[in-house]
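Residue-level structure breakdown
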Amino acid sequence: DRHGRGLEPNSRHYEILVVSPTLAALHPTTVLVHILGNGRRSIDEWKVEIDHHHATVRQSHVNAMHDSALTILSELPTTMKEDENTILPNERRLFEKVKKMGRVDQSKADTIQAIEYRLAFKKALRLAVDVAESESGKFYVDSEEL
């Protein structure tokens, strides 16, 4: 934003709780996530809780998160498709080739983990965009936003 806030590490402004590859909560609150590590919820229970939560999240915040996620995705050097279909398989193939010779290439293993992390990050960003778009109209619209 104009004050230099927004994409800072550990910022609560743009959080997403990924429950499954197709279910996520934007801007999750401590009330929503308190069960993590303390109990269980079924996917259906998560859907209900997330629907209730999204009804309290301002549409303007969702729009900002949507736009930020799209910007980040567009500025990354590789796409999800490239990571999944080309880069990660090539790195795994090279790792296995060396492993068959009886060596473990820790640097290559670290590279694979970094690519997997990057891919998970991209998928979370894409899911945030998808949720913001598919749930449009379910978020809270303040009279100031009309």
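Quick look at the structure, then. Quantities reported herein were computed from a predicted structural model and do not represent experimental measurements.

**Quick notes on helix H2 (residues 43-54)**
Within an α-helix, residues lying three or four positions from one another point in the same direction, as the helix has 3.6 residues per turn. End to end, H2 covers 16 Å across 12 residues, agreeing with the expected 16 Å (1.5 Å per residue, within 8%). The set of residues buried in H2 consists of Trp46, Ile50, His53 and His54. Buried residues in H2, looked at end-on, bunch into an arc of 90 degrees, giving them a common side. Residues of H2 that are exposed and point more than 90 degrees away from the buried face comprise Asp44 and His52. If you follow the buried residues of H2, they end up packed against strand E1 (16-20), strand E2 (23-26), helix H1 (30-33) and helix H5 (106-134).

**Quick look at the nonpolar core**
Ranked by size, the top nonpolar core spans 10 residues in total: Ala24, Leu26, Val57, Val62, Met65, Leu127, Ala128, Val131, Ala132 and Phe139. Sorting the residues of this core by element identifies E2, helix H3 (59-75) and H5 as the ones contributing at least two each. With 4 residues, H5 is the largest single contributor of residues to this core. Excluding anything up to four places from it in sequence, Phe139 contacts Leu26, His54, Ala55, Val57, Gln59, Val62, Val131 and Ala132. Counting 7 residues, the second largest nonpolar core, distinct from the first, contains Leu17, Leu23, Trp46 and Ile50.

**A closer look at the environment of Leu70**
Here Leu70 is to be found in helix H3. Leave out the neighbours within four places in its chain, and Leu70 touches Arg126 and Val129.

**Here we look at the packing of H3 against H5**
Relative to each other, H3 and H5 sit at 140 degrees, their axes nearing to 9 Å. By the angle class used here, H3 and H5 are oblique. The interaxial crossing formed by H3 with H5 has left-handed handedness. Of the residues in H5, those in contact with Val62, Met65, His66, Ala69, Leu70, Ile72 and Leu73 of H3 are Phe121, Lys122, Leu125, Arg126, Ala128, Val129, Ala132 and Glu133. Taken together, the residues of the contact of H3 with H5 sort by class into 11 nonpolar, 1 polar and 3 charged.

**Description of the pattern of salt bridges**
Counted according to the given criterion, the structure contains 8 salt bridges. A salt bridge links Arg118 to Asp83; the nearest nitrogen and oxygen atoms lie 2.8 Å apart. Of this pair, Arg118 sits in helix H5 while Asp83 sits in helix H4 (residues 80-100), and the two are 35 residues apart along the sequence. By relative accessible area, Asp83 is classed as buried at 0%. A salt bridge links Asp130 to Arg126, with the nearest nitrogen and oxygen atoms 2.9 Å apart.

**Digging into the packing of H4 against H5**
Between H4 and H5, whose axes approach to 10 Å, the crossing angle comes to 165 degrees. With respect to their mutual orientation, H4 and H5 come out roughly antiparallel. By crossing handedness, the relation of H4 to H5 is classed as left-handed. Across the interface between the two elements, Met80, Asp83, Glu84, Ile87, Leu88, Glu91, Arg92, Leu94 and Phe95 of H4 pack against Lys108, Ala109, Thr111, Ile112, Ile115, Glu116, Arg118, Leu119, Lys122, Lys123 and Arg126 of H5. Here the residues of the contact of H4 with H5 sort into 9 nonpolar, 1 polar and 10 charged.

Cut-offs used in this document
- Residues numbered from 1 in each chain as written.
- Predicted model: local features only at pLDDT ≥ 70, side-chain atom pairs only at ≥ 80, totals over all residues.
- Heavy atoms only, no water.
- Helix = DSSP H or I, 4+ residues; strand = E, 2+ residues; numbered from the N terminus.
- Expected span 1.5 Å × (residues − 1).
- Buried < 20%, exposed > 50% of the residue type's maximum accessible area, 1.4 Å probe, protein only.
- Arc of directions from axis to C-beta.
- Contact = heavy atoms within 4.5 Å.
- Core = buried A, V, L, I, M, F, W, Y, C linked by side-chain atoms within 4.5 Å.
- Axes fitted to C-alpha atoms, helices over the stretch in contact; angles between N-to-C directions.
- Parallel < 35°, antiparallel > 145°, perpendicular 65-115°, else oblique.
- Left-handed = near helix turned anticlockwise from the far one by under 90°.
- Nonpolar A, V, L, I, M, F, W, Y, C, P; charged D, E, K, R; others polar.
- Salt bridge = Lys/Arg side-chain N within 4 Å of Asp/Glu carboxyl O.

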